[in-house]
Structures are given as C-alpha cells and as structure tokens.
Amino acid sequence: MSNSDPLFIGHWYLEYLYETRTIASFIRMDRGTETGTLATMHAFLRRHHGDIDPYETVIFGPSTSNQVSS
C-alpha cells in the first residue's frame, strides 16, 4: 500500500466521503501523478450538486498549501 498509488488515494477518498457523508465544495492539490484520479472523482461527484461548475471545484497549487475547504 502506498500513498502515491492513485487507486489507493481514490479508495481512501471514497471511504472518507462515505464515513462523513459530506463533500467539500473545493479541493486543493498539487499536480502529482497520484492526484489525477482524485481530481476526476471530486469533479464528477460535485457535478450533481449544481451550485458551481464542477471543473472549478479542483484547485491546483503547490503541495505546501494543500487543503480542503467547505
């Protein structure tokens, strides 16, 4: 198990969503190889909310400032 494997990152994200029953409005991440799956999943799931463009819910930035905001 590795925190740089996109499948594990995606799995952990889905587990988090299932446990908390909440999804952030925006998610910020770097453009690492492991984050592409997570970005796609987040935008796909946010499209059902209709409050903002799902492609604008993923913000890319340096890894020193990764954060999730509601």
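This text follows the structure it describes.
Residues numbered from 1 in each chain as written. Predicted model: local features only at pLDDT ≥ 70, side-chain atom pairs only at ≥ 80, totals over all residues. Heavy atoms only, no water.

J.: How should I be thinking about the overall build of the protein chain in this particular structure?
T.: Along the backbone of the protein chain there are two helices and three strands. Ordering the α and β elements of the protein chain from the N terminus gives α-β-α-β-β. Partitioning the contacts of the protein chain with sequence separation of at least 6, the portion at a separation of at least 24 is 60%. Within the structure as shown, the protein chain displays about 4,900 Å² of accessible surface, and the carbon and sulfur contribution to it stands at 55%. (Helix = DSSP H or I, 4+ residues; strand = E, 2+ residues; numbered from the N terminus. Contact = heavy atoms within 4.5 Å. Areas by Shrake-Rupley, 256 points an atom, 1.4 Å probe, with all protein chains shown as cover.)

J.: What is the right way to look at the nonpolar core in this model?
T.: General note: in soluble globular proteins, nonpolar side chains tend to be found buried as a group. By size, the foremost hydrophobic cluster in this structure holds ten residues: Ile9, Tyr13, Leu17, Ile23, Ile27, Met29, Leu38, Ala39, Met41 and Val58. If you list the elements that add at least two residues to this core, you get α1 (6–20), β1 (26–29) and α2 (36–46). Excluding residues that lie within four positions of it along the chain, Met41 makes contacts with Gly10, Tyr13 and Leu14. (Core = buried A, V, L, I, M, F, W, Y, C linked by side-chain atoms within 4.5 Å. Buried < 20%, exposed > 50% of the residue type's maximum accessible area, 1.4 Å probe, protein only.)

Distances and angles like these do not, on their own, reveal function.
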